[in-house]
Amino acid sequence: VVSIMASVKPLVSTIVLLLLVVYIVGCYFTQLTLNYRLDCVRAIDTGEECLQDGPELLNEYYGSLGTTCLNLFQTVTGGLDWKLILDPLIDHISPWMAIVFCFYVVFTSVALMNIVTGVFVETALQRGREDKDVYMINHLRELFGKLDEDHNGQISWTEFEGNLKEPRLLTFFKEIDIDISEA
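Residues numbered from 1 in each chain as written. Predicted model: local features only at pLDDT ≥ 70, side-chain atom pairs only at ≥ 80, totals over all residues. Heavy atoms only, no water.

## Topic: the pattern of salt bridges
A side chain with one charge may pair with a side chain of the opposite charge, provided their charged atoms come close.
Alright, step 1. Scanning the model with the defined rule gives five salt bridges in all.
Alright, step 2. Notably, a salt bridge pairs Asp 87 with Lys 83, separated by 2.8 Å at the nearest N-O pair. In this pair, Asp 87 and Lys 83 both sit in helix H5 (residues 82-93), four residues apart, roughly one turn of the helix.
Alright, step 3. A relative accessible area of 26% means that Asp 87 is categorised as partly exposed.
Alright, step 4. For Glu 130, the salt bridge identified is with Arg 127, shortest N-O distance 2.8 Å. Here Glu 130 pairs with Arg 127, and both are found in helix H6 (residues 97-147), just three residues apart, close to one helical turn.
Alright, step 5. Using a relative accessible area of 24% as the deciding quantity, one classes Arg 127 as partly exposed.
Alright, step 6. Counted as one network, the salt bridges with shared partners bring together Arg 127, Glu 130 and Asp 131. (Salt bridge = Lys/Arg side-chain N within 4 Å of Asp/Glu carboxyl O. Helix = DSSP H or I, 4+ residues; strand = E, 2+ residues; numbered from the N terminus. Buried < 20%, exposed > 50% of the residue type's maximum accessible area, 1.4 Å probe, protein only.)

## Description of the packing of aromatic side chains
Pairs of aromatic rings are described using the distance from one ring centre to the other and the angle between the two planes.
Alright, step 1. Applying the stated rule across the entire model yields six aromatic pairs.
Alright, step 2. On the numbers, 6.0 Å between centres and 35 degrees between planes, the contact of Phe 29 with Phe 101 is tilted. With Phe 29 in helix H2 (residues 8-45) and Phe 101 in helix H6, this residue pair connects regions lying 72 residues apart in the sequence. Each of the two residues, Phe 29 as well as Phe 101, counts as buried.
Alright, step 3. Both rings, one in Phe 103 and one in Phe 107, keep their centres 6.4 Å apart while their planes meet at 20 degrees; by these two values the pair is stacked. Remark: Phe 107 and Phe 103 occur in helix H6; sequence separation between them is four residues, near one turn of the helix.
Alright, step 4. What links up through ring pairs into an aromatic cluster is the set Tyr 28, Phe 29, Tyr 62, Trp 82, Phe 101 and Tyr 104. (Phe/Tyr/Trp six-rings, centres within 6.5 Å; stacked < 30°, edge-to-face > 60°.)

## Looking at the state of the cysteines
Two cysteines joined by a covalent bond between their sulfur atoms form a disulfide.
Alright, step 1. Tallied over the full model, the rule gives zero disulfides.
Alright, step 2. Its sulfur unpaired, Cys 27 is 6.3 Å from the next cysteine sulfur, which belongs to Cys 69. (Disulfide = S-S within 2.5 Å.)

Function cannot be inferred from these measures alone, as they are strictly geometric.
This is the structure:
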């Protein structure tokens, strides 16, 4: 529970970064769609052809910034199939949109999600090291309390030497990688 609570701050900053990327890409695709729709209206006004299903399909996925951002978020989290959201861009805007879209998905899926995983793992490992240090300090305090046979707050060399065969002292030295002959 403590490790999870320690991960909240990095998690929030990572979510903000993810939302910022989704927002920036959403603005780009929404603006492209708006430009296409305006070009379509101008083309119809001048008697030129415009693909009739273009504005409807684009409007469904990219009609507003909120809709676009939601669809982009669903794409990287598995809630929406890429083909559904990408085909209108390829068909009506440009085939180059596939490269832009794939770059967005790869960046958010690989880069940002790896950052999220790394943040959680690093926080858990750091918390584990801190817990181990606290355990070692408490264990050492208890052990030295038992070694201080005359209860004067100090361990004399004789007290220390007399307890070198104590299993808990041997375990402690082993945990901190000190050979008992070096003690």
